[in-house]
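Structure at a glance
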Amino acid sequence: MSRSHHDTDTGAVASAARPTSRRGPGLAVLTAIGQPVCTAIAASWQSGSVSIIGYALLVFSGLALADRHRSPRRNFLIVVAATLAYHLLDQPAGVTLLAPMIAASAARAAGHRWLVGATATTAYGIWVLVTGAALRQAVLALALIVAAGLITEIGTLVADRVREGVAEQRRLSEERQRRRATEQRLRIAAELHDVLGHHLSLINVRAGVGLHLMDRDPEQARAALEAIAQSSAEALREVRAVLDTLYPSGEAAPRAPAPGLDRLGELTDDAAVATRTVIDGTVRPLPAPVDRAAYRIVQEALTNVRRHAGPDAAATVTIGYRQDALMLQIDDDGAGAPGPAAAASGAAAPAGNGITGMRERAAALGGEVTAGPAPDGGGGWRVRARLPIGPESSPQEVVS
């Protein structure tokens, strides 16, 4: 008869756990000592005594357990043979089934359930036929063998459940690590999208201005090229700071802190569109994720203004500090026309993932972002964001 599916699974689990069981022959040595000592004590209450050969067989069956994980089937047969030989020599009863129980547990865990049952039945039959045991003695021996088998089966099942629980915990831990790694990659991808989208858009606009003014106004063209050099250098610094987070802790620390609203002035000055900043409420420290998300949302909104409203548009950034949330509002007047580069190519600005990225950043913090035409009907565009602030960020005055 072939092994059941449960046996195969149990054997696979046991095989995975075997390296930890082979660390040393401790259990085999303890059994080799415990069996003869306990049997000698039990024999002192009986008429006979254990012979030298009997002690040798008990010690041998215990030491043989050291091989139970490498060859569980062969080891079980050897231990049963040594125990059977002990009883066929009419040695006193005692603690003689300990080694067979341990060997049976190892064989059972390896999937040899039917071998264990068949061998135990055969050994019992041989003992009854050779010794001519009386009915009472045969029944008592059978009861001891059945009890040992039940204990072995229960112990094996418990060990299987423990191993399965450990394997499940390990699987869940690995799954959590993979999820954290995925979230980290998504965060880095969002950071790179914001950094590259902002700076490359700025470089594109200023390059178009430089080309447009190269012949008519060389000084203005030079200023545009200098701005491109500064923007590209800043983009490289921010990209390097983002990519440094890919390295394990201690290998490469970020070269610059993550941008936040403390750099809002730099962002608006570098926006390539006329930008006015309005602070509503008392400025106070923000949790790092909220501060970083607010900066990126404003950055992406200004990038979209530059891309779609044109270089002549004007924008207003309103930062509202509330008791439980940070409110962001970015408005543009929609008065711009396509920039020189776009006008030269005649291409419309491609639709991007900027609004989706802003919404995902806000949703990750429990907030929300809305974007759409300005309510005044003047052709402008409005982006509004609400980012919740935890209780640890209580209002306090900030001296700037």
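As a convention, each chain's residues are numbered from 1 in the sequence order in which they are written. Owing to the predicted nature of the model, reporting of local features is limited to residues with pLDDT of at least 70; listing and counting of side-chain atom pairs is limited to 80 or more, with chain, interface and lining totals taken over all residues. Where side-chain values are given, they derive from all heavy atoms of the structure, hydrogens and water being excluded.

1. Details of the sheet that holds strand S3 (residues 325-332)
The pairing criterion for strands is at least two bridges between them, as found by DSSP. By definition, any uninterrupted DSSP run of H or I lasting at least four residues is a helix, any uninterrupted run of E lasting at least two residues is a strand, and each is numbered from the N terminus. Taken in spatial order, the 5 strands line up as S1-S2-S3-S5-S4 in an open sheet, and their pairing is mixed. Only two strands of the sheet have a single neighbouring strand rather than two, namely strand S1 (274-280) and strand S4 (368-373). Strand-to-strand twist across the sheet, computed as the mean angle between neighbouring axes with direction ignored, equals 10°. In this sheet, S3 lies alongside strand S2 (residues 314-321) in antiparallel orientation, the contact comprising 7 bridges. Each residue of the ladder has a partner; that of Val317, found in S3, is Ile330. In this analysis an axis means a line fitted to C-alpha atoms, helices contributing only their contacting stretch, and an angle means the value between N-to-C directions, from 0 to 180 degrees.

2. Some points on the nonpolar core
For our purposes a nonpolar core is just a set of buried Ala, Val, Leu, Ile, Met, Phe, Trp, Tyr and Cys residues, chained together by side-chain atoms within 4.5 Å. Under the scheme applied here, a residue whose accessible area is under 20% of the maximum for its type counts as buried, over 50% as exposed, and between as partly exposed, the area being computed with a 1.4 Å probe on protein chains only. Counting 31 residues, the largest nonpolar core has Val298, Leu302, Ile319, Leu326, Leu328, Ile330 and Leu387 as the members making the most contacts within it. Those elements that provide at least two residues to this core are helix H9 (264-269), helix H10 (288-308), S2, S3, helix H12 (354-364) and strand S5 (381-388). The biggest single contributor to this core is H10, with 9 residues. Sequence-distant contacts of Leu302, that is, excluding residues within four places in its chain, are made with Leu267, Thr268, Ala271, Thr275, Ala315, Val317 and Ile330. For this analysis, residues touch if any pair of their heavy atoms sits within 4.5 Å.

3. Let's talk about the confidence of the model for the protein chain
Per-residue confidence for the protein chain gives a mean pLDDT of 75; residues scoring 70 or more make up 75%. pLDDT is defined as a per-residue confidence score from the predictor, taking values between 0 and 100. Confidence over residues 1-23 falls short of pLDDT 50; this stretch has 27 contacts with residues more than four positions distant or in other chains. Long-range and interchain partners of residues 337-351, a stretch whose pLDDT sits below 50, account for 15 contacts in this model, where long-range means more than four residues apart.

4. Some details on the pattern of salt bridges
Whenever a carboxyl oxygen of Asp or Glu lies within 4 Å of a side-chain nitrogen of Lys or Arg, that contact is scored as a salt bridge. Taken as a whole and judged by the stated rule, the model has 9 salt bridges. A salt bridge links Arg322 to Asp280; the nearest nitrogen and oxygen atoms lie 2.8 Å apart. Pair noted here: Arg322 is in the loop between S2 and S3 and Asp280 is in strand S1, with a separation of 42 residues, a long-range link. Since its relative accessible area comes to 34%, Arg322 is described here as partly exposed. One salt bridge connects Asp331 with Arg382, and the closest N-O pair in it is separated by 2.5 Å. With Asp331 in strand S3 and Arg382 in strand S5, this pair connects stretches of sequence that are 51 residues apart.

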